[in-house]
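Descriptive analysis of the structure
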Amino acid sequence: MTASAQTASAQIQPDAFVLDTSALLRFYLADGPLPPSLELAMQRGCSGDALLLIPDLCLLECASVLLKQVQRQLLSLDECRALLADLLQLPLRPTSASELALAALEQAMALSLSVYDASFLALALKHDALLITADKQLAKAAASLGCLADAELVQRS
C-alpha cells in the first residue's frame, strides 16, 4: 500500500458506506456494471459488519426509477413492488434531509452538483464514510474529497 493510500485509509475507516441511488439500483436492475466495491459493502452491511447509509429521499428516488421501468414496460407492476419490498428489507440507515440540507447546499455550490447528489457527499463526510456510486460526476466529486470507495479499502477490514 502506498503512503497516500495508507493516509487515506487511516482517515476514513470503511465501516460505513453511503450508497447512492445509482449504485443501489444496479444491484437490482441491469443498467450497467456494478461499482467495484458495491457487492462487498452490501455483504458487510447485511452481516452487520458495516453501516449502509442513505439520505432518506433515496428510497423515494428508487421507487420513482422502478415506476419508470414499469411505465416503459421493462418491469411488471408486481416485479416493481417486489424489488421495492426487497430494497426496504435491506439494513439501510436513512438520514433526514433536514440533517443534510445545509452541508449539501455548500457541497453542491463548491462542486457544481445538484443539491440532491451533494446530499450523498454530505452524508459520507458527516459519518467519515465511503461513497459508492455508479454516477461518474458524483464519483469524481467524491474522489476529490477523498471519500470515494474502492475495492481495496472495502476488502481491507
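Overview of the structure. Quantities reported herein were computed from a predicted structural model and do not represent experimental measurements. Throughout, residues of each chain are indexed from 1 in the direction in which the sequence is written. Totals for whole chains, interfaces and linings use every residue, but because this is a predicted model, local features are given only for residues with pLDDT of at least 70 and side-chain atom pairs only at 80 or more, for both listing and counting. The side-chain values count all of the structure's non-hydrogen atoms but skip hydrogen atoms and water molecules.

**Overview of the pairing of strand E2 (residues 51-55)**
Only protein chains enter the calculation, and the probe is 1.4 Å; a residue is then buried if its accessible area is under 20% of its type maximum, exposed if over 50%, and partly exposed in between. Helical segments are the DSSP runs of H or I of at least four residues, strand segments are the runs of E of at least two, and each set is numbered from the N terminus. Of all the five residues making up E2, four are buried; the element is thus mostly covered by neighbouring parts of the structure. For two strands to be treated as a pair, DSSP must find no fewer than two bridges joining them. By the bridge criterion, three bridges tie strand E1 (residues 16-19) to E2 in an arrangement that is parallel. Following the sheet pairing, valine 18 is matched in E2 by leucine 53. Direction of pairing for E2 relative to strand E3 (residues 92-95): parallel, over a ladder of four bridges. From the neighbouring strand, proline 55 faces E3, where its bridge partner is threonine 95.

**Thoughts on the environment of glutamine 107**
Locating glutamine 107 in the fold gives a position in helix H6 (residues 97-111). Exposure remark for glutamine 107: the relative accessible area of 17% places this residue in the buried category. Separated by 15 residues in the primary sequence, glutamine 107 and alanine 122 place their C-alpha atoms 7.1 Å from one another. The contact rule is simple, with two residues in contact once any of their heavy atoms fall within 4.5 Å. Sequence-distant contacts of glutamine 107, that is, excluding residues within four places in its chain, are made with Ser112, Ala118, Leu125 and Leu145.

**Details of the pairing of E1**
Strand residues, when the strand is regular, have side chains that alternate between the two faces of the sheet. Going residue by residue along E1, you find Ala16 and Val18 tucked away on one face and Phe17 and Leu19 tucked away on the opposite face as well. Pairing of E1 with strand E4 (residues 130-132), which is carried by three bridges, proceeds in the parallel orientation. Each residue of the ladder has a partner; that of valine 18, found in E4, is leucine 131.

**Quick notes on the packing of aromatic side chains**
Stacked, tilted and edge-to-face pairs are distinguished by plane angle, under 30 degrees for stacked and over 60 for edge-to-face with tilted covering the rest, among Phe, Tyr and Trp rings (Trp via its six-membered ring) whose centres lie within 6.5 Å. This model, assessed by the stated rule, comprises two aromatic pairs. A ring pair is formed by phenylalanine 27 and tyrosine 28, whose centres lie 6.0 Å apart and whose planes are at 70°; its orientation type is edge-to-face. The exposure class of phenylalanine 27 is partly exposed, given its relative accessible area of 35%. Residue tyrosine 28 is classed as partly exposed on the basis of its relative accessible area, which comes to 23%. Considering the side-chain rings of tyrosine 116 and phenylalanine 120, the 5.2 Å spacing of their centres and the 85° angle between planes classify their relative orientation as edge-to-face. With tyrosine 116 and phenylalanine 120 both in helix H7 (residues 115-126) and four residues apart, the pair spans about one turn of that helix.

So, to be careful, I would describe these as geometric facts and stop short of saying anything about function.
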